[in-house]
Amino acid sequence: MSIRHVTGALFVAVPLVLTAGFTGLQMVFEYPSILRHPAGEVLTRFAAGGADLHFYWYIMFIAALGLIPAAVGFALMNFKEHPFAASLVGAFGVVGGLVQALGLLRWTVLVPGLAATYVAPGATDLDKALATSAFDTANAYLGMGVGEHMGYFFTALFTVAISVIVMKRWAIMGWLGFVLAIGVGFGMLELGGVPMAAMINAIAYMGWSLWAVILGALILWRGQPIMLGQAVAA
């Protein structure tokens, strides 16, 4: 398979897998509303979630990592025509995928142990307090800080850099990318208590997923290894 095939397939697959994982978590874990509940309740629900819950978190983690080769592939495809913007796509995409994966990793590595400790038959009040304290700390730093705040920031920049490249040949995709990047980045204001920040971010991410799938389809559009700009202009 060529770089074009792999890149296009990843741009289609990553948002679809993320959406599937997110939908699964909504059904079995009431995510993300469950995060507004006390830590003890979250850990209890996680312990009762079973293999399905672990699977959904893990595919979310894998999908976030999938953004890294997608960004590198897109950068390689467009480096000759847009060297600076393509370099930014690669840099921002790699960091964006990595920080989101690190944020999600806590659900596959750290939280299972904390949940098991919290619901253990012989768990003392101190054991439960330590488990909930560790969960709250990890959720604040790895979740809201690394996975969300930094994830929103670099995903927005990644989207802007892609939009700069496609703007020359297909203005609609470029302008949509700029608007969606603003919406994704708006989620960073949630930590400051800005009203509607979370809702605007969620809507923007849904739009971003569709935008990325369309972009992947455009990359896969032609059989010969040509530049993305040439593909969307045809």
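Note that the structure is a prediction, hence the values are computed from the model and not measured. (Residues numbered from 1 in each chain as written. Predicted model: local features only at pLDDT ≥ 70, side-chain atom pairs only at ≥ 80, totals over all residues. Heavy atoms only, no water.)

1. Some words on the overall build of the protein chain
Okay, so step 1: Check the secondary structure of the protein chain and you find 9 helices and 0 strands.
Okay, so step 2: Tracing the protein chain from N to C terminus, the helices and strands come up as α-α-α-α-α-α-α-α-α.
Okay, so step 3: Counting only C-alpha atoms, the protein chain reaches 65 × 40 × 25 Å along its principal axes.
Okay, so step 4: The buried share among the 234 residues of the protein chain stands at 44%.
Okay, so step 5: Considering only residue pairs separated by 6 or more positions, the protein chain has 75% of its internal contacts joining residues 24 or more positions apart.
Okay, so step 6: Working note: accessible area of the protein chain is about 11100 Å², and carbon and sulfur atoms make up 73% of it.
Okay, so step 7: With 9 positive and 9 negative side-chain charges, the protein chain shows a separation of 22 Å between the mean positions of the two kinds. (Helix = DSSP H or I, 4+ residues; strand = E, 2+ residues; numbered from the N terminus. Buried < 20%, exposed > 50% of the residue type's maximum accessible area, 1.4 Å probe, protein only. Contact = heavy atoms within 4.5 Å. Areas by Shrake-Rupley, 256 points an atom, 1.4 Å probe, with all protein chains shown as cover. Lys, Arg positive; Asp, Glu negative; His and termini not counted. Charge placed at Lys NZ, Arg CZ, Asp CG, Glu CD.)

2. Points about the nonpolar core
Okay, so step 1: Grouped together as the largest cluster of nonpolar side chains are 26 residues, with contacts concentrated most on F11, F74, V89, F158, I162, W211 and L215.
Okay, so step 2: At the level of elements, α1 (3–29), α3 (50–78), α4 (83–109), α6 (125–167), α7 (171–186) and α8 (197–219) are the ones that each hand at least two residues to this core.
Okay, so step 3: Those residues in contact with V89 that sit more than four places away from it in its chain are A71, F74, F158, A161, I162 and I165.
Okay, so step 4: Core analysis: the second largest hydrophobic core is formed by 24 residues, L53, A64, W107 and L114 among them. (Core = buried A, V, L, I, M, F, W, Y, C linked by side-chain atoms within 4.5 Å.)

3. A short note on the pattern of salt bridges
Okay, so step 1: Under the counting rule described, the total for this entry stands at 2 salt bridges.
Okay, so step 2: A salt bridge links E30 to R45; the shortest N-O distance between them is 3.8 Å. A residue pair is termed long-range when its members are at least 10 positions apart, and E30 in the loop between α1 and α2 (39–47) and R45 in helix α2 qualify at 15 residues.
Okay, so step 3: Between E81 and K168 there is a salt bridge, with its nearest N and O atoms 4.0 Å apart. With E81 in the loop between α3 and α4 and K168 in the loop between α6 and α7, this residue pair connects regions lying 87 residues apart in the sequence.
Okay, so step 4: Judged by its relative accessible area of 27%, E81 is partly exposed. (Salt bridge = Lys/Arg side-chain N within 4 Å of Asp/Glu carboxyl O.)

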